[in-house]
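Chain by chain, the residues:
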Amino acid sequence: MKFNYSNMLEEAIGKHGLPLNSLLESRTSLNQIKERIQKKINKDYYPLQLPEVMASHLDKIKKTAKKIQENYENFVIVGIGGSSLGNELLHYAINGIYYNDSISRKTPRIYFMDNIDPESTKTLLTMLDLKKTMFNVITKSGSTAETMQNLLSITDALKKENLDLKKHLIFTTGPEKGLLRKLSYELSVETFAIHPLVGGRYSVLSAVGLLSAAVEGINIDALLRGAELVKKNITKESNPVRCAALLLPLIQYKLYKERGVNINTLFIYSDGLSHLGTWYRQLLSESIGKRFTRSEKQIFTGITPIGVRGATDQHSMLQLFMEGPFDKFIIFIAPVKYRKDFNLKGNLINDENINYLKNKKASQLIKSEFLATQTAIKTSGKPSVAIEIPEINEEELGKLIYFAEYEVVALGEMLNVDPINQPAVEFGKQLTYGIMKRKGFEEKNEKIMEFKKVCEKHIIKIP
Ligand code: PA5
């Protein structure tokens, strides 16, 4: 993995870049950040221990995954937010966007029930052969409304076909508390535990992400190995300015505080890897978007993440990135080698408008566009960095995941906010419980009534 920060420097892009010295001078403060993270690594930042901790859980995960591979044709991940996004990242990055339809596929089809749109729910549950389907219900709290409703829809459908619930359900939830844990005892459903200190968006390297990965044949040993390599590298690197997992958050922090750059864009030149953008969007938003500092000072801080896909989004957002305001920092990501490539003969027509594409590797165009867009962004004076991985595989993905989690935690430390909690998400959940009349949340329902009264005042009907 290579981290190139040349194009966010003042010497490359002018006044909207940062002076190299201002980064080099931050050695002491970066060391302090690193020490603070290390001190909390067995408490708040326990997810950063997962590469080692999970090693002893892999046998159980693999055993269950093998049973599922042998007995089921479909595997449905039922969760939302951090209880699904990491699974999606692993799935699309390693097995690609056409996995379910591939004729060479040897493991169950993978589906995600990560929303509650009844149209999708009904379509999926009527489309699948339920006798050959296993549902993995994932919820750390054990009671998130969306996941609970999906569980009810699934169990209604299973019961309608007189299927034994415990043969079609696997739970992944907190070790003691929560409704799902209680249900696991009542229904005798096989259950994997999520450590209490592992929050949703940091859980991809726990049983949350690893079980579905193992079911679809992803090498979970290599995934953890990659994560551990980055962990060791961060610990070993004595100069924090040479440590990309500390330098990237420093760049994000400085651009935000000193240049008002409050939008970070992941520009990913890979279809499979583009879900890294969706996963990172949650990681950065929920970790850094905070009203209060750790010392309860009101600050309303945050950086808005965007995930875009190269080359496709060059034809939708690049115009804005180049000629729009100086409020964006771009993180380019691409593999050096595409796992599947081919030679283009291109014997279609002899015309200079298309000849330049002939007799070349198919990957040459996307690689050229990766380079061209970085050049274009640099020319427009907008700051960017580039992360290149040799190719997409489990080890490299493990590295990227750990790198991203560590760097977001470090950014939280720099901004003096708690990167682990998500009070606003919890508040939103409670309002939903209020509207849906969940016992104990009546007071939240009153808030909704007040809101409805106010927002019904000014409405324009459009025929
Ligand atoms: O990161 C988080 O903590 C959240 O986004 C959760 O993952 C999400 O709200 C789902 O929560 P749960 O796993 O409790 O169902």
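Residues numbered from 1 in each chain as written. Predicted model: local features only at pLDDT ≥ 70, side-chain atom pairs only at ≥ 80, totals over all residues. Heavy atoms only, no water.

**Student:** I'm lost on the overall build of the protein in this one. Help?
**Tutor:** Helix and strand counts for the protein stand at 19 helices and 14 strands. Computed over C-alpha atoms, the radius of gyration of the protein comes to 24 Å, within 12% of the 23 Å expected from 2.2 N^0.38 for 463 residues, which places it in the range of a compact globule. Seen through its C-alpha atoms, the protein measures out along the principal axes to roughly 65 × 65 × 60 Å. A total of 463 residues make up the protein; the buried ones form 51% of that total. Sequence separation of at least 24 residues holds for 75% of the intrachain contacts in the protein that already meet a minimum separation of 6. Surface summary for the protein: the accessible area is close to 23,200 Å², and the carbon and sulfur share equals 53%. Distance from the positive charge centre (64 side chains) to the negative charge centre (52 side chains) of the protein: 2 Å. (Helix = DSSP H or I, 4+ residues; strand = E, 2+ residues; numbered from the N terminus. Rg over C-alpha atoms; globule rule 2.2 N^0.38 Å. Buried < 20%, exposed > 50% of the residue type's maximum accessible area, 1.4 Å probe, protein only. Contact = heavy atoms within 4.5 Å. Areas by Shrake-Rupley, 256 points an atom, 1.4 Å probe, with all protein chains shown as cover. Lys, Arg positive; Asp, Glu negative; His and termini not counted. Charge placed at Lys NZ, Arg CZ, Asp CG, Glu CD.)

**Student:** I tried to follow the packing of aromatic side chains on my own but got confused; where do I start?
**Tutor:** Any two aromatic rings considered together are summarised by their centre-to-centre distance and by the angle between their planes. Tallying each qualifying case throughout the model produces ten aromatic pairs. Considering the side-chain rings of Phe267 and Phe321, the 6.0 Å spacing of their centres and the 80° angle between planes classify their relative orientation as edge-to-face. Residue Phe267 is located in strand 7 (residues 263-268), and its partner Phe321 is located in helix 14 (residues 318-323); the two are separated by 54 residues in the primary sequence. The exposure classification of Phe267 matches that of Phe321, with both residues buried. Judged by centre distance (5.5 Å) and plane angle (15°), the ring pair of Phe267 and Phe332 falls under stacked. Of the two residues, Phe267 sits in strand 7 while Phe332 sits in strand 11 (residues 328-335), which places them 65 residues apart along the sequence. Taking the relative accessible area as the measure of exposure, Phe267 reaches 0% and is therefore buried. Feature note: the residues Phe267, Tyr269, Phe321, Phe332 and Phe370 constitute an aromatic cluster, connected by ring pairs. Over the face of the ring belonging to Phe326 we find Lys382, whose NZ or CZ atom lies 4.1 Å from the ring centre. Here the guanidinium or amino end of Arg438 rests over the ring plane of Tyr433, the centre of that ring lying 4.3 Å away. (Phe/Tyr/Trp six-rings, centres within 6.5 Å; stacked < 30°, edge-to-face > 60°. Lys NZ or Arg CZ within 6 Å of the ring centre and 35° of its normal.)

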